[in-house]
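# Survey of secondary and tertiary structure
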Amino acid sequence: MNDQAITRDSHYGAGDEATYAGITSFMRRRYTRDLAGVDVAVMGVPYDLATSNRSGARLGPRAVRAISANLAWEESVVGWDFNPFDELAVVDYGDCPFDPGEPHKVPEEIYRYAAGILEQDVALLTFGGDHFISYPLLKAHYDKHGPMALIHFDAHSDTWEEKEERIDHGSMFYHAARGGLIIPEKSAQIGIRTHNASTHGFNIFGAAEVHEQGCKSIANQVREIVGNQPCYLTFDIDCLDPSFAPGTGTPVVGGLSSHQALQILRGLEGINLVGMDMVEVAPAYDVSEITALAGATIAVQQLCLLARRPGR
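## As for the nonpolar core
- Ranked by internal contacts, the top residues of the largest apolar core, which has 61 residues, are Phe-26, Ile-151, Phe-153, Leu-233, Phe-235 and Leu-268.
- A total of 11 residues in this core trace back to one element, the largest contributor, which is helix H10 (residues 290-307).
- In this structure Ile-151 touches Ala-188, Ile-190, Val-222, Val-226, Cys-231, Tyr-232, Leu-233, Thr-234, Leu-268 and Ile-271, once residues within four positions along its chain are discounted.
- Grouped together as the second largest cluster of nonpolar side chains are 38 residues, Tyr-47, Tyr-113, Leu-118 and Ala-177 included.

In structure tokens, the structure reads:
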């Protein structure tokens, strides 16, 4: 069967289709806006007007979907020994619509679109776009789940202080914490390697600590911090060293390898995951699609974590 994005007759299972052909959806999932019987909706937010350096992340959702065809045929995920699509009904919901000509309205449009999906008891896996999109997404998840723990993979803290809420990808977690959307003392930031004078109460595991302590230790500490708190997981692809993810807007050397990131994610099995995103893939600066491939692989890992959420 080909063109499984439109011809697939089930929300479950892997599919055998030429990786270089066919209509692209994330992991060959069905494109649909019908959420009956669906566990997870994959949504793109092609927005990058909040970047502080190189733009281009608006093309991230498309790039991640396209390269994910290289992963979609696998019957199980290495390191997990199961296929999340055997256990979760996942569809590709397409992209969030908004008018970039009215940028002040975009955060509310993202929030309302995400909230409409969550109201149907469907989890969201969202692709950016720049990292600002996590802020309206957190607002939508807060409406459903209340205050959450945040597990944040990044080169930057994204908690720089400012007097007013700006549409910026470097301050949204400062505002999320101040607004009570997330609980800093129950949250962890992993891979940080840029300076911020204040932790704002977040538990920070810098890239150097990951290299020195090892992935298993970091994952165990993060699980202890988060506990049973409903948790949102956000992964900025610039958490990875530029040698593994050059295609991003604000690369910083000394970051995690792809292997380290996957090891830590696998070590988080058992967290009470309620929402997730993967952001800042900017394909114009990519090399042989390795950044997009890393993003797609990380997204599958996030689905594995959701499938192993307590109580499922």
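Back to the text.
## Overview of the sheet that holds strand S3 (residues 123-128)
- Spatially, S2-S1-S3-S8-S7-S4-S5-S6 is the arrangement adopted by the 8 strands of the open sheet, whose pairing is parallel. Of all strands in the sheet, those bounded by a partner on one side alone are strand S2 (90-95) and strand S6 (203-206). Adjacent strand axes in the sheet meet at a mean angle of 15°, parallel and antiparallel pairs treated alike.
- Of the pairings in the sheet, the one linking strand S5 (residues 188-192) to S6 comprises 4 bridges and is parallel in character. Note on S6: the bridge partner recorded for Ile-190 is Phe-205.
- Packing of helix H8 (residues 215-226) onto the sheet brings it into contact with strand S4 (149-153), S5, S6 and strand S7 (231-236), and relative to S6 it is tilted by some 170°.
- Across the face of the sheet, H10 comes into contact with strand S1 (40-45), S3, S7 and strand S8 (273-279) while running at roughly 180° to S8.

## Comments concerning the packing of aromatic side chains
- Scanning the entire structure with this criterion turns up 7 aromatic pairs.
- Centroid distance Phe-26 to Phe-127: 5.0 Å. Interplanar angle 70°. Geometry classified as edge-to-face. With Phe-26 in the loop between helix H1 (4-7) and S1 and Phe-127 in strand S3, this residue pair connects regions lying 101 residues apart in the sequence.
- On the basis of relative accessibility, which here comes to 0%, the residue Phe-127 falls in the buried class.
- Measuring from centroid to centroid gives 6.0 Å for Trp-80 and Phe-82, while their planes differ by 85°, and the two rings are edge-to-face. Neither residue differs from the other here; Trp-80 and Phe-82 are each classed as buried.
- Through successive ring pairs, a cluster of aromatic residues spans Tyr-47, Phe-98, Phe-132 and Tyr-135.
- We note Arg-54 situated over the ring of Tyr-285; from NZ or CZ to the ring centre the distance is 4.1 Å.

## Quick notes on the pattern of salt bridges
- Following the criterion strictly, the structure yields 10 salt bridges and no others.
- For Asp-92, the salt bridge is made with Arg-65, and the minimal N-O distance between the two is 2.8 Å. One end of the pair, Asp-92, is in strand S2; the other, Arg-65, is in helix H2 (residues 60-68), and 27 residues separate them in sequence. Considered together, Asp-92 and Arg-65 belong to a single accessibility category, that of buried residues.
- Close ionic contact of Glu-108 with Arg-112 constitutes a salt bridge, the shortest N to O distance being 2.7 Å. A residue pair is termed a helical-turn pair when its members lie 3 or 4 positions apart in one helix, as Glu-108 and Arg-112 do in helix H4 (residues 106-118) at 4 residues.
- One continuous salt-bridge network, built from bridges that share partners, spans Arg-65, Asp-92 and Asp-95.

## Considering the environment of Thr-194
- Inspection of the secondary structure assignment puts Thr-194 in the loop between S5 and S6.
- A sequence separation of 58 residues divides Thr-194 from Val-252, and the C-alpha atoms of the two residues are 8.1 Å apart.
- Setting aside residues up to four positions removed in sequence, Thr-194 forms contacts with Ala-155, His-156, Ser-157, Trp-160 and Val-252.
- At 2.9 Å, the side chain of Thr-194 forms a polar contact with the backbone oxygen of Ala-155.

What counts and how
- Residues take numbers from 1 onward in each chain, read along the sequence in its written order.
- Reporting of local features is limited, given that this is a predicted model, to residues whose pLDDT is at least 70; pairs of side-chain atoms are given and counted only at 80 or more, and all residues count toward the totals for whole chains, interfaces and linings.
- Water and hydrogen atoms were dropped before computing side-chain values, which therefore reflect all heavy atoms in the structure.
- Here the nonpolar core consists of buried residues drawn from Ala, Val, Leu, Ile, Met, Phe, Trp, Tyr and Cys, with membership extended through side-chain atoms lying within 4.5 Å.
- Each residue's exposure class comes from its accessible area (1.4 Å probe, protein chains only) as a fraction of the maximum for that residue type: buried when under 20%, exposed when over 50%, partly exposed otherwise.
- Strands here mean DSSP runs of E at least two residues long; helices mean DSSP runs of H or I at least four residues long; both are numbered from the N terminus.
- Residues count as neighbours in contact if any of their non-hydrogen atoms are within 4.5 Å of one another.
- In this scheme, strands are said to pair when DSSP sees at least two bridges between them.
- To define axes, lines are fitted to C-alpha atoms, for helices over the stretch in contact only, and angles between the resulting N-to-C directions are given on a 0 to 180 degree scale.
- Two rings from Phe, Tyr or Trp (for Trp, the six-membered ring) form a pair when their centres sit within 6.5 Å of each other. Planes less than 30 degrees apart are called stacked, planes more than 60 degrees apart edge-to-face, and all others tilted.
- Criterion for a charge above a ring: Arg CZ or Lys NZ at most 6 Å from the ring centre, at most 35 degrees from the ring normal.
- We count a salt bridge whenever a side-chain nitrogen from Lys or Arg sits within 4 Å of a carboxyl oxygen from Asp or Glu.
- Counting of polar contacts relies on pairs of N or O atoms within 3.5 Å, with two restrictions inside protein: one atom must be capable of donating a hydrogen and the other of accepting it, and residues adjacent in sequence are counted only when both atoms are side-chain atoms.

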